[in-house]
Amino acid sequence: MIARPSLSLGIEEEYQIVDPTTREMRSFITQFLDNERVIMVERELKPELHQSMVELGTPACDTIAQLKEELVKQRSFIIGLAAQKDLAVVAAATHPFSRWLDQPVTPLPRYQGVLEEMQLLAQRLLIFGMHVHVGIADRAFAIDAMNVVRYILPHILALSTSSPFWLGRNTGLKSYRSVVFEDFPRSGIPDICRSVADYDNLVGSLANVGVIPDASKIWWDVRPHHKYPTLEFRICDICPRVDEAIAIATIFQATVLWLWKLRRKNLTFRIYRRDQIEENRWRASRYGLDGKMVDFGKSIEAPTCDLIRELLEMISEEIDELGTQTYIAPIERMLQQGSSADRQLRVFADTGDLKAVVDHLIAETKEGL
Amino acid sequence: MAYPSFNIGIEEEYQLIEPTSRELLGYVRQSMSRDRMVVNERTDATDFAQQLGDSVIEVGTPVAADIKEARVQLLRLRTQMLHFAQSNGCRLAASGTHPFSHWEGRSEVMPGYRAILEDAQMIARRILAFGLRVHIGVEDRELAVDVMNTMRYVLPHILCLATSSPFWNGRNTGLKSYRSVLMDALPRTGIPGSFAGYQEYHGYIDTLVRTNSIPDARRVRYDIMPHHRFPTLVIRICDMLPNYLDTLAVTALIQATVAWMTDLRRRNLAFRTYERLLIAENKWRAVRYGLEGKLIDWGIEQMAPATDLLRELLAFVTPFAQKLNSESELAHIETILQRGANAEQQLQVWNSAGGDMKAVVDFIVAETEKIA
């Protein structure tokens, strides 16, 4: 029997450190760096390739309520730390105008390695995501859930979009980050894995020949984590507002529970080809919540918002069971008013000033702390 | 199963270069409808488009029965392009990217591309990248999908021979084919997944059209796929190659590989079908390191120098080159292996010129204009 997944939760976020006066990104991490790690106030700061980028992760949490508490603490911590150096924190997937070529790289050997391998592409990767972990101890079920859950990743990406600007320009896309990241190998929507053995073989093949050291270098939009007993969702742009980040985590958790219950009834959500799902992923990057996606079951186009409401309907029983109704509530507001990308575009339309967009993002990042 | 004709069609894209500044002034692409060339210009000061309107150029390589015919047609087209460039005071370049042009493409592009532009927005605007498209006649559609599935494996190898875009926006990207990165940022590109048969492939395209994802099958631009209208398999993984002998050699290799895959099939054998991810890994290595790197031999799960693996591939397909009358063209592959691909040559020129991008443009132009 497949054990009920623990459904424990964790969120990793990548933050931008900005100068509140110029609104440009600023080097930050090296100011705290000691022996490759920074341990301050019982928190581990993970330096990233770019010095103006910081990653933080919550501890594993049993419930959404606890996760929210931890995420609020985490953001308060980094905002406080930055404030000590008169800097501010932005939780958005791209900086509206800072240039990636001007950003200094963190002087650690492993990043020199990444730079050496990925060259200009690594430097271009000045993008910020949110990774949500949901606890699934049973690996066979984790792979099964991964295959199925791929289908809804574009829908969730649409909700999280927060990167309409790049190098001072309106890209016309809602999530430019999700396009930039596809420059990397082993990224995007994964192909179908038929079994744990199939997945292990795939990773094993890559590791055997030395192209990757281990599964941590598989950067798919969803993957079984190589160390933790979790399924890791990596599709999302980082959300400026904490309540929206938590609402998305709530969907992931309930979806995993829903899939587990289907599985026990010998049912499954249909598994679609990667190319088909990529089509919707593209539409999410391009149009966000404002567009249409393909309902491959019916083989028709439908407004993305309608399809997300359908998804919420499908998992509503699980939401009730988990008691997370209040945490999912911001989704309806987003469906009506848009994602962060839409809000950023509105600020820009009103002010014509990308610095105002940065100010807006700084304010949203603090909201609800 | 109807035996394929292995006909050849070559489609190219050319850059028009300002002789003093070496800037990109415009470029010429074969239009989707294949009956005309379309010029895109940088400034209003030039008016190539009008010039070309007087049908200076006889376009669309008609189908060639073999590589010898393809050679004649390619030379004729390139000669016409060269005259057209010269009569407008320009030079001609045929590389995957322009080394330093900051031109980001324009919105007033040809109508066929306008839809892509709306679809792909900013990504389309940064695609100033030029590719070589090789068509090989495979009339039986089931066979075409079968060959597509298996031939995906050797596309990274072929790309190693056909890289010519190490520079972008005046920078050494550190890659050999930056064009591949630019193209693969678009939806429906790169190494395709495998398909159970033509039905499945057609069903996939059909769904995209029916759901308004794409207006028609032309918007799908995988590295290899059956053409939506012509009875050919299209291979578009290669950068444009300045030296026409390289173009012919790569074309001959592609043609002979299709013949090899077909022959295996007829003997109830098949080259193994590998997962897209594994093939994509090799594509990345080709993009990054080109001929100077190693590729993974997935049969034995070991890395081997790309040049060794290409020599292995040559050994497999050479018997077919005899039948296809393409031995001398194929022999030029060995020259590329020893000399380095165009990207490696560009990097050598750049290094010995002390990082001067103009010298690189001069080299590309000289290679392109060497038609005789």
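Each chain has its residues counted from 1, running along the sequence as written. In the order they appear in the text, chains get letters beginning with A and ligands get numbers beginning with 1. Per-residue local features are limited, in this predicted model, to residues with pLDDT of at least 70; the limit for side-chain atom pairs, both in listing and counting, is 80 or more; totals at the level of whole chains, interfaces and linings are taken over all residues. As a convention, hydrogens and water are excluded, and side-chain values are obtained from all of the structure's heavy atoms.

(A) Inspection of the pattern of salt bridges at higher detail. All names here are of chain A. We define a salt bridge as a side-chain nitrogen of Lys or Arg found within 4 Å of a carboxyl oxygen belonging to Asp or Glu. In the structure shown here, the tally under the stated rule is 55 salt bridges over all chains. Here Arg281 makes a salt bridge to Asp221, at a shortest N to O gap of 2.8 Å. Within this pair, whereas Arg281 is found in helix H9 (residues 274-287), its partner Asp221 is found in the loop between strand S10 (219-220) and strand S11 (222-224), the two being separated by 60 residues in sequence. The salt bridge partner of Asp306 is Arg309, with a shortest N-O separation of 4.0 Å. Of this pair, Asp306 and Arg309 are both found in helix H10 (residues 304-314), 3 residues apart, which corresponds to roughly one turn of the helix. Accessible area is worked out with a 1.4 Å probe on protein chains only. A residue is then buried under 20% of its type maximum, exposed over 50%, and partly exposed in between. Relative accessible area serves as the criterion here: at 33%, Arg309 is assigned to the partly exposed category. Linked through salt bridges whose partners overlap, the residues forming this network are Arg241, Asp243, Glu244, Arg333, Arg343, Glu364 and Glu367. Only DSSP runs of H or I reaching four residues or more are called helices, and only runs of E reaching two or more are called strands; each is numbered from the N terminus.

(B) Structural view of the side chain of A:Thr365. Examined against the element boundaries, A:Thr365 turns out to sit in helix H15 (residues 354-366). Here a residue-residue contact requires only that any non-hydrogen atoms of the pair lie within 4.5 Å. Setting aside chain neighbours within four positions, we find A:Thr365 in contact with A:Arg75, A:Ile79, A:Val89, A:Val90, A:Ala91 and A:Pro240.

(C) Up close: the confidence of the model for chain B. Per-residue confidence from the predictor is given as pLDDT, running between 0 and 100. Looking at chain B as a whole, its pLDDT mean stands at 87, while 84% of the residues score no less than 70. Counted against residues more than four places away or in other chains, residues 106-114 of chain B, with its pLDDT under 50, gives 18 contacts.

(D) Seen up close, the side chain of B:Ser164. Residue and element names in this part refer to chain B. Summarising the element assignment, Ser164 is placed in the loop between helix H6 (155-161) and strand S7 (167-168). The class of Ser164 is buried, set by a relative accessible area of 0%. In protein, a polar contact means a hydrogen-donor-capable atom and an acceptor-capable atom, both N or O and within 3.5 Å, with residues adjacent in sequence counting only if both atoms are side-chain atoms; elsewhere, any N or O pair within 3.5 Å suffices. A polar side-chain atom of Ser164 sits 2.6 Å from the main-chain carbonyl oxygen of Met240. With residues near it in sequence (within four places) discarded, Ser164 still touches Ser95, Gly96, Thr97, Lys176, Asp239, Met240, Pro242, Asn342, Ala343 and Gln346.

(E) Examining the interface of chain A and chain B more closely. Listed per partner, the contact involves 44 residues of chain A and 44 residues of chain B. For the pair chain A and chain B, the summed buried area comes to about 4000 Å², and 52% of that belongs to carbon and sulfur atoms. Applying the counting rule to chain A against chain B returns 5 salt bridges. Summed over the shared surface of chain A and chain B, the result is 17 residue pairs in polar contact (both at pLDDT 80 or more). Of the residues forming the side of chain A that touches chain B, the biggest block, 7 residues, is contributed by H9(A). Residue type decides the class: Asp, Glu, Lys and Arg count as charged, Ala, Val, Leu, Ile, Met, Phe, Trp, Tyr, Cys and Pro as nonpolar, and the leftover types, Gly among them, as polar. Split into classes, the residues belonging to the side of chain A that touches chain B amount to 19 nonpolar, 8 polar and 17 charged. The buried area of a pairing is the accessible area, by a 1.4 Å probe, that goes missing from both parts when the two are put together, added over both.

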